[in-house]
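Summary of the model geometry
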Protein chains: 2
Amino acid sequence: MNVILLSGGSGKRLWPLSNDIRSKQFIKIFKNKNGKYESMIQRMYKNIKKVNNESIITVATARSQVSTIYNQIGKDIGISIEPCRKDTFPAIALATAYLHDVKKVDLNETVVVCPVDPYVEEEYFRALEKLSDLAKSKYYNLSLMGITPTYPSEKYGYIIPENKKEVSKVKMFKEKPNVEIAKKCIEQGALWNGGIFAYKLRYVLDIAHKLIDFKDYNDLFNKYETLEKISFDYAIVEKEEKIQVMRFSGQWKDLGTWNTLTESMDENIIGKGIESDKCQNTHIVNELNIPILCMGLKNMVVAASAEGILVSDKEQSSYIKPYVEKIKQQIMFSEKSWGSYRVIDLQEESLTILVTLNSESCMKYHSHDFRDEVWTIISGTGKAIVDGIEKTVKAGDIITMKAGRKHTIIAETELKIIEVQLGKEINVNDKHKFQIEK
Amino acid sequence: MNVILLSGGSGKRLWPLSNDIRSKQFIKIFKNKNGKYESMIQRMYKNIKKVNNESIITVATARSQVSTIYNQIGKDIGISIEPCRKDTFPAIALATAYLHDVKKVDLNETVVVCPVDPYVEEEYFRALEKLSDLAKSKYYNLSLMGITPTYPSEKYGYIIPENKKEVSKVKMFKEKPNVEIAKKCIEQGALWNGGIFAYKLRYVLDIAHKLIDFKDYNDLFNKYETLEKISFDYAIVEKEEKIQVMRFSGQWKDLGTWNTLTESMDENIIGKGIESDKCQNTHIVNELNIPILCMGLKNMVVAASAEGILVSDKEQSSYIKPYVEKIKQQIMFSEKSWGSYRVIDLQEESLTILVTLNSESCMKYHSHDFRDEVWTIISGTGKAIVDGIEKTVKAGDIITMKAGRKHTIIAETELKIIEVQLGKEINVNDKHKFQIEK
């Protein structure tokens, strides 16, 4: 099975755990069987592999997510990087070309596309396999998966099938109706459109070539910025007659707000937290190293990260976006391909971060124009390089880098470093990257 | 006027802003006319001086509070340090001896004793002056100030005067009655006992000499640990016939819980905080550097410090103590005579703190047996001394101190330092103090 996971952009609705650089699919909030927490994308990847270990999984995403994806999933996953955001048709066309030209997937093979962030169980992934098989149909060009509605939601588009059989031709689509119309649609057997569909690789590639002048994946990648923004629905679905839909009645949840997300948590408290006996239906998600004490709270969520603290009535949690947009803040935590960093102190002319490098990983060789840096190694072993000079390092060692000096550090074991940045203009964009000199 | 302020011990009921080393009287929560926040003790000191600039103010307290008092009030204040906690009679006897022997206050002068932590206005301090004058009485040995009750509280002891005049002889005392009895007492003109009283210095010193065998202040200080624990009420008040009470009807609030404390706040939000339009009667007190967003909260308090985060229904906030007692945590913030430090990262074998030295101040010359330390100066100028060798320092400079090395730093301007402590056993008690070698 070939799967393209659409990994969307920034999410302010799950602030402070999601933000401009960390989307909700990367929040580690679901406990697995080993008692470890995993993110939506880790859960999704693991379950696709569990149902079919041969699956070729490609994430279609922006460059800003690449480090986090590699860090959470490993390097086995394919990533189709969108050079900029251009709506769903260019994104799916690019990922389809990537499958064909990079992953060498045959034109006759089928491809399943689905969003990375619904909360689903194993049955969902078996349904994806069935959808992948359905897409082999000689008659239908597109095979959708429709979710059996659990209530007349106004949030979703509806797929209206010709009949109520498990698989049926699609009669029409209905974009986000009001409750009354939604009720009527459901009576007719309508299904939620969760953006899950499958096609033969050739089909989308042919349309892409008709709409865009490009040779292959690399060419499409290079001219991506010049492409018109157009949705997959508008470019393909609305023009296609030969569409079938498969009903799915298993668990499928859109965990877009704290209210819905906490419904899917196995425990009420993640991280350091205490709830008094008088607390009811209250969830704590705490990524900080200090305890949260809740006294007499009812139907509330308390979420804390290095970015901030949210205390919300669960019902009200769906309205946080405009408030979060007003918060202008330094990014306090970032996952990188080599590990992560966390801001631990912020002053006018200095910034102190805790850097964690995964074992056997390495940050890019780089320099800064406008800041000096001091590393104090607090645990682990590795090798630092400053202006070409190598030095093995261990806890207690100090490396100083004046502005302009090229530097990197290579972790042997997991390496933790206190990095003090000093300068009048400390900015993440003040960075030049180099190849390590041999 | 001679005033002894009784500065009590640790307060868990205002966690996370008060804790084992920071009592509630030091929390900076009240906005003054210049828009700066001040603590209860700062407010109390300022107002006593405002009413009578000649007042001699002495704080009776434990050694652990001395640094914070000097830091918040300055060195002009007298401090009578209790070598250990021994209830109120030994504490007041020691402070009275301190006034006589150290501050050279005459035996015939009067002394006013009051707790440091009620929330009061200027009229209270004028009443203290009046009480001080009343204590000059040739007949009465003790003059109490009684608070006109605003409700039949079960929390306070009651003073029952002989009549309802402004100043009256005390008929009897009633310890924490139930509501019914409290109501009856109030009908008879009873007053709350706020622990505010005045006496002639000679009177308490004479009783102290009768009950304790000591020569002078230094002698009493040195044998303090051997003294019997006994309350001022038991040792003096209950045995004294000649007691008068003065009514006080002005503002007097016991800010012992978050519920009562927030009632006296001028604003709903201190520190970085946002409340949605749907929030009602909700207070945010945030000492952290990250924002708190509150959505749809009613009658709640959210308090955050480096120690932890409290989210509480206001009514429930008086029940936090047993929960806070279960939290075992590293002290994350401490005020010192020379400034303060804040823990910014905590690992198994390292601890990183932000040290702030006030300008022209200096930490003790000291060494550690079991940890190495690294200082990275992030702002300010000063002079570091390591094993007798002096070095001027500025932002960007690094000082390393292996275990055993004597070290200190002297701030010229305000000095900020990132200090990384490294070792298998990092403990605040691992410290030897020295005189700086000349």
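Everything below is about the structure shown above.
Since this is a predicted model, take the numbers as computed values, not measurements.

**Focus on the pairing of strand 19 (residues 308-313) of chain B**
- Across the 6 residues that make up strand 19 of chain B, a large majority, 6, are buried.
- Going residue by residue along strand 19 of chain B, you find Gly308(B), Leu310(B) and Ser312(B) tucked away on one face and Ile309(B), Val311(B) and Asp313(B) tucked away on the opposite face as well.
- Alignment of strand 17 (residues 292-295) of chain A against strand 19 of chain B, held across 4 bridges, turns out to be parallel. Along strand 19 of chain B, the bridge assignment pairs Leu293(A) with Leu310(B).
- Alignment of strand 18 (residues 300-305) of chain B against strand 19 of chain B, held across 6 bridges, turns out to be antiparallel. Bridging across to strand 19 of chain B, Met300(B) finds its partner in Asp313(B).

**A look at the pattern of salt bridges**
Residue and element names in this part refer to chain B.
- Taken as a whole, this structure holds 39 salt bridges over all chains when the rule is applied.
- Across the salt bridge formed by Glu82 and Arg85, the nearest N and O atoms sit 3.1 Å from each other.
- Exposure remark for Glu82: the relative accessible area of 5% places this residue in the buried category.
- Take Arg85: its relative accessible area is 35%, and that puts it in the partly exposed class.

**Re the sheet that holds strand 19 of chain B**
- With respect to topology, 6 strands assemble into an open sheet ordered 15(A)-17(A)-19(B)-18(B)-16(B)-14(B), the strand pairing being mixed. Looking at the sheet topology across the chains shown, the edges are occupied by strand 15 (273-275) of chain A together with strand 14 (269-270) of chain B.

**A short note on the relation of the copies chain A and chain B**
- When chain A is fitted to chain B, the best match, at an RMSD of 0.1 Å, comes from turning it 180° and sliding it 0.1 Å along the axis. This pairing of chains is accounted for by a two-fold axis. Considering only C-alpha atoms, the part of chain A nearest the rotation axis is Ile344(A), at 2.8 Å.
- Most of the interface of chain A is mirrored in chain B: 100% of its interface residues are interface residues there too.

**A look at the sheet that holds strand 27 (residues 398-401) of chain A**
All names here are of chain A.
- As summarised here, the arrangement of the 6 strands in space is 20-21-22-29-24-27, forming an open sheet in which the pairing is antiparallel. Both edges of this open sheet fall to strand 20 (333-336) and strand 27, since each of them pairs with a single strand only. In this sheet, neighbouring strand axes are inclined to one another by 20° on average, regardless of whether the strands run parallel or antiparallel.
- Summarising the sheet, strand 22 (residues 350-357) and strand 29 (residues 415-422) pair through 8 bridges and their orientation is antiparallel. The residue bridging Thr356 from the neighbouring strand is Lys416, located in strand 29.
- Against the sheet, helix 2 (residues 66-73) makes contact with strand 20 and strand 21 (339-347), and its axis sits at roughly 70° relative to strand 20, the strand it touches most.

**Focus: the packing of helix 1 (residues 40-51) of chain B against helix 2 (residues 66-73) of chain B**
Residue and element names in this part refer to chain B.
- The interhelical angle for the contact between helix 1 and helix 2, taken along N-to-C directions, is 55°, at an axis separation of 10 Å. With respect to helix 2, the axis of helix 1 lies oblique. The two elements helix 1 and helix 2 meet at a crossing, and its hand is right-handed. Across from Ile41, Gln42 and Tyr45 in helix 1, the residues of helix 2 making contact are Ile69, Gln72 and Ile73.
- Tallied by class, residues from the contact of helix 1 with helix 2 come to 4 nonpolar, 2 polar and no charged.

**Some points on the nonpolar core**
- One finds Val311(A), Ile409(A), Val311(B) and Ile409(B) to be the most contacted residues of the largest nonpolar core, which totals 67 residues.
- Not counting the four nearest positions on each side in its chain, Ile409(A) is found in contact with Leu357(A), Ser361(A), Cys362(A), Met363(A), Trp375(A), Ile377(A), Lys383(A), Ala384(A), Val393(A), Leu415(A) and Ile417(A).
- Core analysis: the next-biggest nonpolar cluster, separate from the first, contains 41 residues, Leu142(B), Leu205(B), Ala208(B) and Phe214(B) among them.

**With respect to the interface of chain A and chain B**
- Every contact between the two is made by 54 residues of chain A and, on the other side, 54 residues of chain B.
- The largest per-residue losses of area from chain A upon contact with chain B belong to Leu293(A), Met295(A) and Tyr323(A), which jointly make up 17% of the total buried on that side.
- Between the two partners, chain A and chain B, sit 12 residue pairs in polar contact (both at pLDDT 80 or more).
- In terms of residue count, the dominant contributor to the side of chain A that touches chain B is strand 19 (residues 308-313) of chain A (6 residues).
- When the residues that make up the side of chain A that touches chain B are grouped by side-chain class, the tally is 33 nonpolar, 14 polar and 7 charged.

**Overview of unusual backbone geometry**
- For the bond running from Trp15(A) to Pro16(A), omega is 5°, close enough to zero to count as cis.
- Within the element layout of this structure, Pro16(A) appears in the loop between strand 1 (2-6) and strand 2 (30-31).
- Even without being glycine, Glu360(B) reaches a positive phi, approximately 60°.
- By the element assignment, Glu360(B) lies in the loop between strand 22 (350-357) and strand 23 (365-367).

**Some thoughts on the side chain of Gln72(B)**
- With respect to the secondary-structure elements, Gln72(B) resides in helix 2.
- Of the polar contacts made by the side chain of Gln72(B), one reaches the side chain of Glu335(B); its length is 3.2 Å.

**Some words on the environment of Glu228(A)**
All names here are of chain A.
- Along the chain, Glu228 falls in the loop between helix 7 (217-222) and helix 8 (232-235).
- When its relative accessible area of 61% is taken as the criterion, Glu228 is described as exposed.
- Taking C-alpha positions, Glu228 is 9.9 Å from Leu211, a pair spaced 17 residues apart along the chain.
- Excluding anything up to four places from it in sequence, Glu228 contacts Lys86 and Pro90.

**A look at the pairing of strand 5 (residues 78-82) of chain A**
Residues and elements named next belong to chain A.
- When you tally the buried positions in strand 5, you get 5 out of 5 residues, the bulk of the element.
- A two-sided burial pattern is seen for strand 5, the buried positions comprising Gly78, Ser80 and Glu82 on one face and Ile79 and Ile81 on the other.
- Two strands pair when backbone bridges link them, and strand 4 (residues 56-62) and strand 5 are joined in this way by 5 bridges, in the parallel orientation. Opposite Val59, over in strand 5, you have Ile79 as the bridge partner.
- The parallel pair strand 4 and strand 5, bridged by helix 2, forms a crossover whose chirality is right-handed.

**Notes on the side chain of Ser168(A)**
All names here are of chain A.
- Within the secondary structure, Ser168 sits in strand 10 (residues 167-174).
- Of the polar contacts made by the side chain of Ser168, one reaches the backbone nitrogen of Asn163; its length is 3.2 Å.
- Once residues within four sequence positions are removed from consideration, Ser168 is found in contact with Pro161, Glu162, Asn163, Ile243, Gln244 and Val245.

Rules behind the numbers
- Residues numbered from 1 in each chain as written.
- Chains lettered and ligands numbered in written order.
- Predicted model: local features only at pLDDT ≥ 70, side-chain atom pairs only at ≥ 80, totals over all residues.
- Heavy atoms only, no water.
- Buried < 20%, exposed > 50% of the residue type's maximum accessible area, 1.4 Å probe, protein only.
- Helix = DSSP H or I, 4+ residues; strand = E, 2+ residues; numbered from the N terminus.
- Pairing = 2+ DSSP bridges.
- Salt bridge = Lys/Arg side-chain N within 4 Å of Asp/Glu carboxyl O.
- Least-squares fit on C-alpha atoms with pLDDT ≥ 70 in both.
- Contact = heavy atoms within 4.5 Å.
- Axes fitted to C-alpha atoms, helices over the stretch in contact; angles between N-to-C directions.
- Parallel < 35°, antiparallel > 145°, perpendicular 65-115°, else oblique.
- Left-handed = near helix turned anticlockwise from the far one by under 90°.
- Nonpolar A, V, L, I, M, F, W, Y, C, P; charged D, E, K, R; others polar.
- Core = buried A, V, L, I, M, F, W, Y, C linked by side-chain atoms within 4.5 Å.
- Buried area = accessible area lost by both parts, 1.4 Å probe.
- Polar contact = N/O pair within 3.5 Å; in protein donor to acceptor, adjacent residues only side chain to side chain.
- Right-handed = clockwise from strand over helix to strand, strands pointing away.

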